[in-house]
Amino acid sequence: MFTKVPKKGLNAILIVTMLGMQTGWYIPTAYAESTATAVGQETSNLLSKLEIEGIKLDKDFLADVNEYAATVENNVQSINLLVESGNPDSLITINGASVKNANPNPLSLQTGKNVFLISVKDSSHSINTYTLSITRKQNANNLLQNIKLSTGQLSPAFSSAITEYTVPVKNDTSALTVLPSAVDQKATVEVNGVLAKAEGVLVKIPTGKSDILINVTAENGMKKSYTIHVERAEPAAVNTAIPAQNTRTNSVQTASQMQNSSEVQKTSKATLSALTVSGGTWDSTFSASEYTYHVAVSNDTKTITIEPTASYNSSTILIEGSTSKIIQLEDDQKTIISVVVSNGDDDRKTYVLVFDRKE
């Protein structure tokens, strides 16, 4: 005889039956093992550590982040890079060269950007590569180590920190060879706008006062100027007195001497009749025979326009070795600008403008 089972009871029986079926499900062993291996392979070609001794990376290291960067000063010529993998069987290379796991690796740095590719290969030959970019700053040294002259002596004695010197020379010194040397070999040095080489730069020296300007540009572009104030003695006076005897003969000799003296004291055409700037206060009024001036400018002045006027139309004028009249002032308190006037190969004078920023 059949007994009707209540609906609620039937539902309970079905649930129990399904639970019983669930306990009987079977998971193949092969499937479970392959899943575990896949998880292991996924992490076996990752780094667990990437550090530079004494240098901070641009971000904290994470195994799944593949790009890092750092910046070091110019005096840092090498680093010790520590890389480590949690998988002892992995092969680690830096730019193709194998390295030991968890050992510091010394790496040389060139000026500028250095890129190191760090690859991790596991037993399945799966490779994961990290990129480390290290920027070594350019050298900022713009100091001179020495200034040598073919004749004459610097006053005061040379020092890298002293930027202005005086050199008295005899009247028979018509030219000087200037040989400056920079502290840093990557710095460039110019003498009156001419690149200084191993043999130095030959500078024509006019009678009286003139200036030689030496510009040093560091590898990173920072500039420093040194000025040599040259004082070439005037020619000796010629005695024009004529003794009573042999008047005619002595008159001829005196005329010849005066002509020679005139040639020695030949007037230079390499001069300026006027020199103006777009702003600032001069320390003195311009004169064609004075060659160095200080101009006070406001602290926020970035550029200056210089307007030189030659005394003779045949003269050429170069401002800092260029024909441009607009000059960019340095960020520091002093900017030294040279204005070179030339009239032929043997006639040249240099005017120097020193722009001082107001405090």
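Keep in mind it's a predicted model, so treat the numbers as computed, not measured. (Residues numbered from 1 in each chain as written. Predicted model: local features only at pLDDT ≥ 70, side-chain atom pairs only at ≥ 80, totals over all residues. Heavy atoms only, no water.)

Draft legend 1. Local environment of the overall build of the protein. Counting its secondary structure elements, the protein contains 3 helices and 24 strands. Counting across all 359 residues of the protein, residues that qualify as buried make up 34%. Considering only contacts within the protein whose residues lie at least 6 apart along the sequence, 59% involve residues at least 24 apart. Roughly 21,800 Å² of accessible area belongs to the protein as shown, and the carbon and sulfur atoms make up 52% of that amount. (Helix = DSSP H or I, 4+ residues; strand = E, 2+ residues; numbered from the N terminus. Buried < 20%, exposed > 50% of the residue type's maximum accessible area, 1.4 Å probe, protein only. Contact = heavy atoms within 4.5 Å. Areas by Shrake-Rupley, 256 points an atom, 1.4 Å probe, with all protein chains shown as cover.)

Draft legend 2. Here's a closer look at the pairing of strand β8 (residues 127-136). Pairing between strand β2 (residues 67-72) and β8: 6 bridges, direction parallel. For E67, the partnering residue across the bridge sits in β8 and is T131. Sheet topology note: the strand β7 (residues 112-121)/β8 ladder contains 10 bridges and is antiparallel. Bridging from a neighbouring strand, I118 pairs with Y130 of β8. With antiparallel pairing between neighbouring strands as the criterion, β7 and β8 make up a hairpin whose turn holds 5 residues, including H125 at a positive phi of roughly 65°. (Pairing = 2+ DSSP bridges.)

Draft legend 3. Here's a closer look at unusual backbone geometry. Residue P156 is reached from S155 by a cis peptide bond, and omega for that bond is 0°. Along the chain, the position of P156 falls in the loop between β9 (144-149) and β10 (164-169). Located in the positive-phi region is N192, a residue other than glycine, with phi close to 50°.

Draft legend 4. Inspection of the pairing of strand β15 (residues 208-217) at higher detail. The buried fraction of β15 amounts to 9 of the 10 residues, a majority that puts the element mostly inside the structure. Here 4 bridges tie strand β12 (residues 188-191) to β15, and the two strands are oriented antiparallel to one another. Considered in β15, the bridge of V191 is made with I214. The sheet contact formed by β15 and strand β16 (residues 223-232) spans 10 bridges and is antiparallel. When the bridges of β16 are listed, I212 appears paired with I228.

Draft legend 5. Representation of the sheet that holds strand β20 (residues 303-310). Strands sit in the order β17-β20-β22 across an open sheet of 3 strands; the sheet is antiparallel. If you trace the sheet from one side to the other, it starts and ends with β17 (272-277) and β22 (326-328), each paired once. On average, adjacent strands in this sheet sit at an angle of 25° to one another, irrespective of strand direction. In this sheet, β22 lies alongside β20 in antiparallel orientation, the contact comprising 3 bridges. If you follow T303 over to β22, its bridge partner there is Q328. (Axes fitted to C-alpha atoms, helices over the stretch in contact; angles between N-to-C directions.)

Draft legend 6. Structural view of the nonpolar core. Ranked by internal contacts, the top residues of the largest apolar core, which has 23 residues, are I147, V178, V191, I212, I214 and I228. Those elements that place two or more of their residues in this core are β9, β10, β11 (175-182), β12, β14 (201-204), β15 and β16. Filtering out sequence-adjacent residues up to four positions away, I212 remains in contact with L176, V178, V191, N192, V203, I205, Y226, T227, I228 and V230. In this structure, Y68, A70, V83 and I92 belong to the second largest nonpolar core, which totals 21 residues. (Core = buried A, V, L, I, M, F, W, Y, C linked by side-chain atoms within 4.5 Å.)

Draft legend 7. Up close: the environment of S126. With respect to the helices and strands, the residue S126 is situated in the loop between β7 and β8. Of the residues examined, S126 reaches a relative accessible area of 29% and is grouped as partly exposed. Polar side-chain contacts of S126 include one of 2.8 Å to the side chain of N45. (Polar contact = N/O pair within 3.5 Å; in protein donor to acceptor, adjacent residues only side chain to side chain.)

Draft legend 8. Examining the side chain of S338 more closely. Relative to the assigned elements, S338 resides in strand β23 (residues 334-342). Note on S338: relative accessible area 4%, which makes it buried. Apart from the residues lying within four places of it in its own chain, the contact partners of S338 are L213, L318, I319, E320, T350 and Y351.

Draft legend 9. Quick peek at the sheet that holds strand β24 (residues 348-357). If you trace the 5 strands from one edge of the open sheet to the other, you get β18-β19-β24-β23-β21, paired in mixed fashion. Whereas interior strands pair on both sides, the edge strands pair on one side only; in this sheet they are β18 (281-282) and β21 (316-319). With 6 bridges joining them, strand β19 (residues 292-297) and β24 adopt parallel strand pairing. Bridge pairing links T292 to V352 in β24.

Draft legend 10. The arrangement of the packing of aromatic side chains in detail. Going through the model one piece at a time under the given rule, you end up with 8 aromatic pairs. With 6.2 Å between their ring centres and 45° between their planes, F61 and Y130 make a pair best called tilted. Highlighted residues: F61 in the loop between β1 (47-52) and β2 and Y130 in strand β8, separated in sequence by 69 residues. With a relative accessible area of 0%, Y130 lands in the buried category. Pairing Y291 with Y351 gives two aromatic rings, centres 5.0 Å apart and planes at 45°, and the pair type is tilted. (Phe/Tyr/Trp six-rings, centres within 6.5 Å; stacked < 30°, edge-to-face > 60°.)

Keep in mind these numbers describe shape, not what the thing actually does.
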